[in-house]
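Coordinates in review
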Amino acid sequence: MKRNLFLCLFALAALPATSRAGIVIPLHEGWRLQSGCKLEATGEAISKPGFSVEGWIRTSVPSTVLAAQVAAGIFPDPYFGDNLRKIPGTTYPIGQNFENLPMPADSPYHCGWWYRDAFAAPAAALPEQRFWLRFGGINYRADIWLNGHKIADSHAVAGAYRTYDLEVTEFLKPGKENVLAVEAFAPTEKDLGINWVDWNPCPPDKDMGLWGNVNLVATGAVALRSPMAITHFRDGDLSTAYLTVYAELQNASGSAVKGLVSGTAAGARFEQPVDLAPHEDRTVVFTPEQFPSLQIHNPQLWWPYQMGDPHLERLTMSFSSQGRQLDEQSVNFGIREITSELTANGSRLFRVNGKPILIRGGGWSQDMLLRSDEKRLRNEFRMVRDMRLNTLRLEGKLDTENFFRLADQEGILVMAGWCCCDHWERWKSWTADDLAIATASLRSQMLRLRHHPSLLVWLNGSDNPPPADVETAYLKVESETHWPNPILSSASAKPTTVTGESGVKMTGPYDYVEPSYWYFATHYGGALGFNTETSPGPAIPSLASRKKFLPDPSAWPPSADWAFHNGGGGFTTLKVFNAAMDAIYATPANAADYTRMAQTMEYDSERAMFEAYSKNKYDSTGVIQWMLNNAWPSMIWHLFDYYLDADAGYFAVKKACEPLHIQYSYDDQSIVVVNSTYHPAQLEATVEVYNLAWKKLYSDQTSVYSAADSSQRVFAIPQALYTGADRIFFIDLTLSDSTGHVVSRNFYWVPDTLTTFDWEATEYTHTPAMRYENLTALTQLPPATVAAHADIERTPQGREILLHLDNTSSALAFQLNAAVRTKSGDLIAPVFWSDNWIELIPGESITLTALLPDEAPINPIVTLDGWNIQPATMIPQATRATQ
């Protein structure tokens, strides 16, 4: 293989491991940033010691250009109001996908931007010491200089999702000060960049810059990278795991090297001699047949957290020559095997260690400026588990190493793949360079991600599968890198001539639909098959959250600033949602009315979506809520908002995904028990039906043997109930275990006549209503009286509020919402409530708990609101344990 004399450039994964042959120095702090438009100096001059950086922006890396400017205070919070539109270069029409538009000629981001860092390099520790600069992500092109020498240019360094290991031994000054300078260039509309589609605006710099880590790495003459251990079980027998181990070797020297690759995987030792030719790259493989130690008996397995313990093992591999260790890498891995198959109805079913799993997840988004915060990330993963979701889907946005490490640790599965709606899927206009960048990007990500046990599947396309030549090229890379998990051609149902049917669908909706849609619309987005992205659309943040990003958080009607925080494309308005609210409930009189009804609508449809897919398992095999979270403060597509405040939809999903769950079916009025555990359970199910006047119309009770991972019908509410004079029914469901402990409580408000959908008018956004259901009477419920008292105590998990509620009236208390705020009413988040947006029947008492974040003030307040109660504010009283 030919090598440039001065450069060994490989698009290989940046790994979080250290090398005993030398060290890994993170180049994180001390960077300076400046626009190339303001400089006349050359890269040679900028990358030499002594060059003046007076007036340059101080920053750290990773950071995009705009993120650095915001951190430096050059621009105010771009997420507040319309501040983003006031940043120079933000001239594209609101709602349009800026990634598909050229950078304005007068934009400050039309120029390259220089990142400069002066750092001390360690002294060489080995005779054949090699030094590498490892770049974890550059958007989009870059010229890279070190100590006055250009080590890579913008033709070689191109692609937002590529990673690079640049050998810099010849130009580095061991034991002295060195200067690294990178001129980064934003992607054009014809590049394979980072795309925000219609989720939110695109920042004016198009997220240009060093968005991944930069490290200086020392190895010997041979570098070892991307170690991986994959698992296979034979004939469904989990008592023995057959491991195959891989690693990538690179001989950076001009001489042949005889050496030994050795390592341990889950404590099992293995080694083999390897002879490398000058400048040879090789994949080294250890199979369980050749190395019986890799046949692990009675292994501890990695499971998604709902199926078992996400147990992690350690894989360590090294390369040694002549008694010296030249490189070593260590990664965590899980002993697990993920497979997929097509069911009898053509749906994609995934299995973990042979067991089927109903995928219930959400679409993940990074921050719009690609900023990352470890504490925030941990909270987000905690919220995913609190909702009982098991999967995150990444459409592009291939997040940081910390993200995947947490997914491994927390037992959260990850669907990863390329993005839609820009040059990534405009294959007809691709050049040879585009294909080369795309395949190099794929190789980087395969090598970076392949050892993570959380990876469920890779998608080679999103809205569309790639054409045959591109898909074939992708599959070749995936084979060469030994990707161990299933691969899908896209997130849609479109088949390909190469791999055939995908077994998934992407039929929407993305805008509001009534709860019954999810049961009846199996030919569209309803509960049949695997829907890779869908949701009931808008999700209006609380007043406390809106205060953080709107200058007029209580404006009515909503202002242009509100609308700016809607989506893009077909989602720039909330007209579908608002029309449904007006018809089904009422026309809101103010922002508080709007928020309250919006949250209830979100609860009702989100719950139904997940419950419908659970009822129909495994005719339905998966559903991904679009989306889980937002890249910036938004009025659409989230279960918790940008500030980690949980919406009503959050608690609806938490309810719907209970391990043992009882639910109502809109299609046949049946009551269904869903067991999402992998153990049978003996249960007792109860149903009670009331009218608006709280007169009991029907009740029943039965014992239920719930098989492991099952869904079964246990009651059918008599059809005659729906033909009488009553127009709204309250359905109260209870599921108890053999000790009498309530394991599921679920409450519904159901109209006598459901929405009639205009199926022929279905669009990608939603199916419109031909005739809306009528729930207007809920706005005239008789007032209820709820006695409320809050305590606060210290627990091993932190400070916890106990909210005691007692409905002392003869009326139903409907959609009660509790919140924790500062004394001035500002947001405290995240708060982990045991339940919320609940109903209290007459005479019922309940205690809700709320775990506070560590940074919450010492004396918070608790608020309680609902559809038909007087709002209340409480100061929690310290219990004896807290005092």
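Residues numbered from 1 in each chain as written. Predicted model: local features only at pLDDT ≥ 70, side-chain atom pairs only at ≥ 80, totals over all residues. Heavy atoms only, no water.

1. Examining the packing of helix α11 (residues 591–615) against helix α12 (residues 648–656)
Test applied: A fitted line through C-alpha atoms serves as each axis, taken over the contacting stretch for helices, and the angle formed by two N-to-C directions is quoted from 0 to 180°. We count a stretch as a helix when DSSP gives it H or I for four or more residues in a row; a strand needs E for two or more, and each element gets its number in order from the N terminus. The labels follow the angle: roughly parallel below 35 degrees, roughly antiparallel above 145, roughly perpendicular from 65 to 115, and oblique for the rest. In this scheme the handedness of a crossing depends on how the near helix is turned from the far one: anticlockwise by less than a right angle means left-handed, clockwise means right-handed. Should any heavy atoms of two residues lie within 4.5 Å, those residues are counted as being in contact. Only Asp, Glu, Lys and Arg are considered charged in this grouping, and only Ala, Val, Leu, Ile, Met, Phe, Trp, Tyr, Cys and Pro are considered nonpolar; every other residue, Gly among them, is considered polar.
Relative orientation of the contacting elements α11 and α12 amounts to 25°, with a least axis distance of 8 Å. Between α11 and α12, the angle is such that the two are roughly parallel. α12 is crossed by α11, and the crossing has right-handed handedness. In this structure, α11 contributes Gln599, Glu602, Tyr603, Glu606, Arg607, Phe610 and Glu611 to the contact, and α12 contributes Ala648, Gly649, Phe651, Ala652, Val653, Lys655 and Ala656. Residue composition of the contact of α11 with α12, by class: seven nonpolar, two polar and five charged.

2. So, the confidence of the model for the protein chain
The predicted coordinates of low-pLDDT regions are not to be read in fine detail. Definition in use: As a per-residue measure, pLDDT reflects the predictor's confidence and takes values from 0 up to 100.
Taken residue by residue, the protein chain gives an average pLDDT of 95. The fraction at 70 or more is 97%. Low pLDDT, under 50, characterises residues 1–20; the stretch is placed with 69 contacts to residues that sit more than four places away or in other chains.

3. Describing the nonpolar core
Note the threshold: What is meant by a nonpolar core is a set of buried Ala, Val, Leu, Ile, Met, Phe, Trp, Tyr and Cys residues, joined one to another through side-chain atoms within 4.5 Å. The cut-offs for exposure are 20% and 50% of the maximum accessible area for each residue type, with area from a 1.4 Å probe on protein chains only; residues under the lower value are buried, those over the upper are exposed, and the others partly exposed.
Counting 273 residues, the largest nonpolar core has Phe135, Ile144 and Leu180 as the members making the most contacts within it. In terms of residue count, α11 provides more of this core than any other element does, eleven residues in total. Those residues within four positions of Leu180 in sequence are excluded, and the remaining contacts are Leu27, Trp31, Tyr115, Arg116, Asp117, Phe119, Leu133, Phe135, Ile144, Trp145, Leu146 and Val214. If you look at the next biggest cluster of nonpolar residues, it comprises six residues, including Ile46, Trp114, Trp145 and Ala181.

4. Regarding the side chain of Thr231
Cut-off, in case you're wondering: Definition of a polar contact: a pair of N or O atoms within 3.5 Å, with one able to donate and the other able to accept a hydrogen when the atoms are protein atoms, and with sequence-neighbouring residues admitted only if both atoms are side-chain atoms.
You can see Thr231 is positioned in strand β15 (residues 222–232). Reaching out from Thr231, the side chain makes a polar contact with the backbone nitrogen of Arg336 at a distance of 3.4 Å. Excluding its chain neighbours within four sequence positions, the residues that come into contact with Thr231 are Ala241, Tyr242, Leu243, Gly334, Ile335, Arg336 and Glu337.

5. Focus on the state of the cysteines
Going by this rule: By definition, disulfides here are pairs of cysteine sulfur atoms that lie within 2.5 Å.
Per the counting criterion, the structure on display carries two disulfides. Cys420 shares a disulfide with Cys421; S-S distance 2.1 Å. Because the torsion about its S-S bond is -80°, the bridge between Cys420 and Cys421 counts as left-handed. With relative accessibility at 3%, the residue Cys420 sits in the buried group. For Cys421, a relative accessible area of 30% translates into the label partly exposed. With its disulfide-bonded cysteines labelled consecutively along the sequence, the protein chain is connected as 1-2, 3-4. Here Cys419 stays unpaired: no disulfide links it, and the sulfur of Cys420, its closest cysteine neighbor, is 4.9 Å away.

6. Details of the environment of Val714
Within the secondary structure, Val714 sits in strand β37 (residues 710–716). It is 19 Å that separates the C-alpha atoms of Val714 and His741, two residues lying 27 residues apart in sequence. Ignoring any residue separated from it by four or fewer positions in sequence, one finds Val714 in contact with Ile671, Val673, Ala685, Thr702 and Val704.

7. Examining the pattern of salt bridges
Selection criterion: The term salt bridge refers to a side-chain nitrogen of Lys or Arg lying within 4 Å of a carboxyl oxygen of Asp or Glu.
Per the counting criterion, the structure on display carries 35 salt bridges. Salt-bridge contacts for Arg371 lead to Asp367; the nearest nitrogen and oxygen are separated by 3.0 Å. Looking at Arg371, the relative accessible area reads 36%, which means it is partly exposed. A salt bridge links Lys375 to Glu855; the nearest nitrogen and oxygen atoms lie 2.9 Å apart. Of this pair, Lys375 sits in helix α3 (residues 374–386) while Glu855 is found in the loop between β47 (845–851) and β48 (861–865), placing the two residues 480 residues apart along the sequence. The exposure class assigned to Lys375 is partly exposed, which follows from its relative accessible area of 47%. Residues joined by salt bridges that share partners form a network here, namely Lys615, Asp667, Asp668 and Arg713.

8. Some thoughts on unusual backbone geometry
Among all residues save glycine, negative phi is the norm, and among peptide bonds the norm is trans. Trp626 connects to Met627 through a cis peptide bond whose omega is 10°. When you line up the elements, Met627 lands in the loop between β32 (620–625) and α12. Cis geometry marks the peptide bond from Ala829 to Pro830, where omega comes out at -5°. Along the chain, Pro830 turns up in the loop between β44 (813–821) and β45 (832–833). Phi at Asn147 takes a positive value of approximately 50°, unusual for a residue other than glycine. Relative to the elements of secondary structure, Asn147 occurs in the loop between β9 (141–146) and β10 (149–152). Unusually for a residue other than glycine, Asp235 sits at a positive phi of about 55°. Structurally, the position occupied by Asp235 is in the loop between β15 and β16 (240–251).

9. Notes on the pairing of β9
Keep this limit in mind: Here a strand pair is declared whenever DSSP counts at least two bridges between the two strands.
Among the six residues in β9, five count as buried, and that is most of the element. The pairing of β9 with strand β12 (residues 177–185) spans six bridges and is antiparallel. Bridge pairing in β12 links Ala142 to Ala184. In the sheet, β9 pairs with β10 via three bridges, with the strands oriented antiparallel. Bridge pairing in β10 places Ile144 opposite Ala152. In this structure, the hairpin formed by β9 and β10 is closed by a connection of two residues, where Asn147 is found at a positive phi of approximately 50°.

10. Observations concerning the sheet that holds β37
Ordered in space as β33-β34-β37, the three strands form an open sheet in which the pairing is antiparallel. Each having just a single partner strand, β33 (660–664) and β37 make up the two edges of the open sheet. Averaged over neighbouring strand pairs, the angle between their axes works out to 25° when direction is ignored. Pairing between β33 and strand β34 (residues 670–675): five bridges, direction antiparallel. Looking across to β34, one finds that Gln663 is bridged to Val672.

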